[in-house]
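Residue-level listing of the chains:
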Amino acid sequence: MTASAVPATPAAPVQADKATLRRAIAASALGNATEWFDYGIYAYGVTYISAALFPGQVDDAVLFALATFAISFLVRPLGGLFWGPLGDRLGRKSVLALTILLMSGATLAVGLIPSYAQIGWAAPALLILLRMVQGFSTGGEYGGAATFMAEYAPDDRRGFYGSFLEFGTLAGFSFGAALMLGFSLLLGDTVMHAWGWRIPFLVAAPMGLIGMYLRSRMEDTPVFREQAAEGSGSLSLSRLLRDHKRPMLVVAGLVVALNVVNYTLLSYMPTYLQRRIGLSPDEALVVPIIGMLFMMLFLPIAGRMSDRVGRRPLWRLSLIGLLIAVVPLYMLMATGLAGAIIGFVLLGLLYVPQLATISATFPALFPTTARFAGFAIAYNLSTSLFGGTAPAIGSALIGTTGNELMPAYYMMAACIIGLIALRFMPETAGRSLHDDPFAEQRAA
């Protein structure tokens, strides 16, 4: 029997040198930053976008714009179904080079759409089409970037290195928000409504080109190359759903909590603070930016802590803390600018233990042959139903009930679902990505 045919236990995984690891972190994080830069400028420019591209009264136009934001999430599962299996079959880096180009190109094109006054209903139709392209490409981007990061990081420091992917999330979102705010202060409301809101969208093009350059120069991950050398192919969708439904359900449940909190805090909060709390447009933009800066400081700390104490304790702390504190902190935010800043910062810090450990937790729940596809499909399906719709649902619930605390109650319900899912999640801190943490459960 030849050596290649021996079904031996995998050897110790090849570890990337520090320079290669830094490049892998930068390549992954920049794609995530590009994705969230788009969300940041859209969320913070929704008033200008709705006025330029939608007809009707202000409230109706803003609701249409928020609904259009949600539409991009409805196609994310299709992106996960397409890009995930492709990434498990062809490799992580090839897919990621394409997704970042599609994302940045769609964001750029939004800034070039003629106004409703110029082309009528074609304006919102083009916006919807481009948001769908953005959502389709994002369906492969996040799962692939997290997988790429996790498979390059050493097992005992995956939480720490993985936290920098989410650092990219907040950096991209903050950059987009700060850019929109900066142009708003510099140009004034009249110019922003006329054409100024378009400028931040044009910045996506160089971000996408830099990200593609970094990714194209990387080798694929050591874990994937080892798996490919062994001749193990990717799984069919039917086998993926049959053999790995447990981790997919756990990821989907945790993502309900993760992304309802995420998109409510980051995407909906500027609109909520301005229209529901009564802050000025500039104040409503400043509050989340301050909160995100605090969150960025604590992300690496939480990631490193998860390597020492485990992912599960940090998730439990975050979910229970939010469940208890979200309503009082929303009430604090309603007291004015100072209360809004303190309340948002505290909510953000309670959320950090979840955010910091995503790319260390979720990819490790799947074996290499199913990692990209299983993560991408479960993550994007749950995100499309509960994450991207959170701003529109929060706004609609307030409109229906008249209760300004409805987004907080919605976050509480999502945290309960997350706690249920957490009960079935095995601990993966320090565990090799060659392992399948659900194998024992399937055997039982």
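Reading the values: rules and limits
Residues numbered from 1 in each chain as written. Predicted model: local features only at pLDDT ≥ 70, side-chain atom pairs only at ≥ 80, totals over all residues. Heavy atoms only, no water. UniProt positions renumbered as here; feature names shortened; annotations may be inferred. Helix = DSSP H or I, 4+ residues; strand = E, 2+ residues; numbered from the N terminus. Rg over C-alpha atoms; globule rule 2.2 N^0.38 Å. Buried < 20%, exposed > 50% of the residue type's maximum accessible area, 1.4 Å probe, protein only. Lys, Arg positive; Asp, Glu negative; His and termini not counted. Charge placed at Lys NZ, Arg CZ, Asp CG, Glu CD. Core = buried A, V, L, I, M, F, W, Y, C linked by side-chain atoms within 4.5 Å. Contact = heavy atoms within 4.5 Å. Salt bridge = Lys/Arg side-chain N within 4 Å of Asp/Glu carboxyl O. Expected span 1.5 Å × (residues − 1). Bend = angle between axes of the 7 residues up to and from the residue. Patch = residues over 30% accessible without salt bridge, like charges linked within 9 Å, V, L, I, M, F, W, Y side chains within 5 Å. Areas by Shrake-Rupley, 256 points an atom, 1.4 Å probe, with all protein chains shown as cover.

As annotated in an unreviewed UniProt entry, the chain is MFS transporter from Sphingobium phenoxybenzoativorans. The annotation that UniProt attaches to the chain under Subcellular location (unreviewed entry) is "Cell membrane".

> Tell me about the overall build of the chain, and please be specific about residues and values.
If you tally the helices and strands in the chain, you get 21 helices and zero strands. The globule rule puts the C-alpha radius of gyration for 444 residues at 22 Å, and the 21 Å found for the chain is close to it. Overall, the chain is about 75 × 45 × 40 Å in size when its C-alpha atoms are taken along their principal axes. Within the span of the chain, comprising 444 residues, buried residues form 58% of the whole. Computed over 29 positive and 25 negative side-chain charges, the separation of the two mean positions in the chain equals 4 Å.

> Report on the nonpolar core, specifying residues and quantitative values.
Ranked by size, the top nonpolar core spans 118 residues in total, and within it Tyr-44, Leu-53, Leu-273, Tyr-330, Phe-362 and Phe-375 carry the most contacts. Examining the composition of this core, we find that 18 residues originate from one element, helix H13 (residues 245-277), more than from any other. If we skip the residues at most four places from it in the chain, Tyr-44 touches Phe-173, Ala-177, Met-180, Leu-266, Pro-270, Leu-285, Pro-288, Ile-289 and Met-292. With five residues, the next largest nonpolar core counts Trp-83, Leu-86, Val-95 and Ala-376 among its residues.

> Residue-level account of the pattern of salt bridges, with values.
Where charged atoms of side chains with opposite charge meet at close range, the side chains can pair. Overall, the coordinates contain eight salt bridges when judged by the stated rule. A salt bridge links Arg-158 to Asp-155, with the nearest nitrogen and oxygen atoms 2.2 Å apart. Judged by relative accessible area, Arg-158 falls into the buried class, the value being 1%.

> Summarise helix H8 (residues 158-194); cite the residues concerned and give the values.
For H8, built from 37 residues, the straight-helix expectation of 54 Å at 1.5 Å per residue is missed by more than 12%, its first-to-last C-alpha distance being only 46 Å. The sharpest bend along H8 comes to roughly 115°, located at Gly-188.

> Explain a positive patch on the surface to me, and be specific about the residues and the numbers.
A cluster of basic residues, Lys-18, Arg-22, Arg-23 and Arg-217, forms a positive patch on the protein surface. Turning to its location among the elements, Arg-22 is positioned in helix H1 (residues 18-44). A residue is classified by how much of its surface remains accessible, and Arg-22, at 55% relative accessible area, is exposed.

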